[in-house]
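Residue strings, one per chain:
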Amino acid sequence: MGLEIAKLLALSGASVIINGRSDESLNNAVAIISSTGATVTPLKFDIASETDVQKAFSDIKEKYGHLEILVNNVGMRDRRGLFEFEMNSVHKLINTNLIAPFNLSRQAAQLMIENRKGRIINITSIAGPLADAGDTVYTIAKGGLEALTRALAAELGMYGITVNAVAPGFFATESNLDVVADKEIATWLSKRTSLGRWGEPFEIAGAVLFFASDAASYVTGQVLAVDGGYLAHL
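Residues numbered from 1 in each chain as written. Predicted model: local features only at pLDDT ≥ 70, side-chain atom pairs only at ≥ 80, totals over all residues. Heavy atoms only, no water.

Undergrad: Report on the overall build of the protein chain, specifying residues and quantitative values.
TA: Within the protein chain, the secondary structure is distributed over eight helices and six strands. Taken from N to C terminus, the helices and strands of the protein chain fall in the order α-β-α-β-α-β-α-β-α-β-α-α-α-β. For a compact globule of 234 residues, the expected C-alpha radius of gyration is about 17 Å, and the protein chain comes in at 18 Å, within 12% of that figure. In the protein chain, which comprises 234 residues, the proportion classed as buried is 41%. For the protein chain, contacts bridging at least 24 residues in sequence account for 71% of all contacts bridging at least 6. As presented, the protein chain carries roughly 12500 Å² of accessible surface, and 55% of it is formed by carbon and sulfur atoms. Computing the positive centroid from 20 side-chain charges and the negative centroid from 25, the protein chain places the two 3 Å apart. (Helix = DSSP H or I, 4+ residues; strand = E, 2+ residues; numbered from the N terminus. Rg over C-alpha atoms; globule rule 2.2 N^0.38 Å. Buried < 20%, exposed > 50% of the residue type's maximum accessible area, 1.4 Å probe, protein only. Contact = heavy atoms within 4.5 Å. Areas by Shrake-Rupley, 256 points an atom, 1.4 Å probe, with all protein chains shown as cover. Lys, Arg positive; Asp, Glu negative; His and termini not counted. Charge placed at Lys NZ, Arg CZ, Asp CG, Glu CD.)

What follows is the structure, given as structure tokens:
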């Protein structure tokens, strides 16, 4: 989904800086986006490392002088029940899915405040407002990311910075390939969602583009579910 978001923002005129921890994945992403004629630059760093993040934003400020949009898309999943987690795994999951976006947003906001304009967009999940057994810590982290969206909207509105979130439902991403191939899950989704199918990764990008655009200039603190009607469907 991150690649599709970056691609659409770049095609819409943004000069995109794309993040990753692997040279191979970054180079592949840059090649795909560049092939469309759009502008994209790789920036390799670990979002969970405070030192890496500080250096990355220092480099952004030195090279570009400002930042207009931040999309907090990185996340990790660890499906286990309440009593199956070791505390170091809890810390790792919450650090990646919640603490890192907090730190990235704070760093980005400092660059946005100077121009009194900015867009911060968090990629949360329908696991924020919903809960199911066997997915405890991820649900906690994504619920926290929704709360972070509202808190930052309240904190940063005075500087002309909007903060919103997009909550994906069931998407046919690379990490979900095994379950996408499961016919029982496909049958369940056909009954559980209004649109009756998995979402395709490109279908998340339009919601992010909306929040990043001037069309959403008076929208902040909101969470938009892109879930094929999962939350609305009995």
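Undergrad: Quick one: what's the story with the packing of helix α1 (residues 2–11) against helix α2 (residues 23–34), residue by residue and with numbers?
TA: When two helices pack together, their arrangement is given by the angle between the helix axes and by the axis-to-axis distance. At a minimum axis separation of 10 Å, α1 and α2 run at an interaxial angle of 35°. Every pair of crossing elements has a handedness; the one defined by α1 and α2 is right-handed. Where α1 abuts α2, its residues L3, A6, K7 and A10 lie against A29, I32 and I33. (Axes fitted to C-alpha atoms, helices over the stretch in contact; angles between N-to-C directions. Left-handed = near helix turned anticlockwise from the far one by under 90°.)

Undergrad: Go over helix α4 (residues 87–113), please, and point to the residues and values.
TA: Taking 1.5 Å of rise per residue, the 27 residues of α4 would be expected to cover 39 Å, and the 37 Å separating its terminal C-alpha atoms lies within 8% of that figure. Most pronounced at N95, the bend in α4 amounts to some 50°. (Expected span 1.5 Å × (residues − 1). Bend = angle between axes of the 7 residues up to and from the residue.)

Undergrad: Give a detailed account of unusual backbone geometry, specifying residues and quantitative values.
TA: Unusually for a residue other than glycine, R116 sits at a positive phi of about 55°. Relative to the assigned elements, R116 resides in the loop between α4 and β4 (118–123).

Undergrad: Run through the environment of L148, naming residues and quoting values.
TA: Along the chain, L148 turns up in helix α5 (residues 136–156). Note: C-alpha distance between L148 and N164 (16 residues apart in sequence) is 9.6 Å. Setting aside residues no more than four positions away along its own chain, L148 makes contact with L98, P101 and F102.

Undergrad: Account for helix α8 (residues 205–212), naming residues and giving values.
TA: Within α8, the full set of buried residues consists of A205, A207, V208, F211 and A212. All buried residues of α8 lie within an arc of 160° about the axis, which places them on one face of the element. As for α8, its buried residues are in contact with α1, β3 (69–72), β4, β5 (161–168) and β6 (223–226). (Arc of directions from axis to C-beta.)

Undergrad: How would you explain the sheet that holds β6 if you had to name every residue and give the values?
TA: Taken in spatial order, the four strands of this open sheet run β3-β4-β5-β6, and their pairing is parallel. Of all strands in the sheet, those bounded by a partner on one side alone are β3 and β6. Each neighbouring strand pair of the sheet contributes to a mean axis angle of 20°, computed without reference to strand direction. As paired elements, β5 and β6 share four bridges and run parallel to each other. Residue V166 lies in a different strand from β6, and its bridge partner there is L224. (Pairing = 2+ DSSP bridges.)

Undergrad: Give a description of the packing of aromatic side chains that names residues and reports values.
TA: Taken as a whole and assessed by the stated rule, the structure comprises five aromatic pairs. Between F170 and Y230, the aromatic rings sit 5.3 Å apart at their centres with planes inclined by 40°, giving tilted as the arrangement. Here the residue F170 occupies a position in the loop between β5 and α6 (177–180), and Y230 occupies one in the segment after β6, the gap between them amounting to 60 residues. Note on Y230: relative accessible area 10%, which makes it buried. Here the aromatic residues F170, W188, W198 and Y230 are joined through ring pairs into a cluster of three or more. One residue, R77, lies across the ring of Y138, its end atom 3.7 Å from the ring centre. (Phe/Tyr/Trp six-rings, centres within 6.5 Å; stacked < 30°, edge-to-face > 60°. Lys NZ or Arg CZ within 6 Å of the ring centre and 35° of its normal.)

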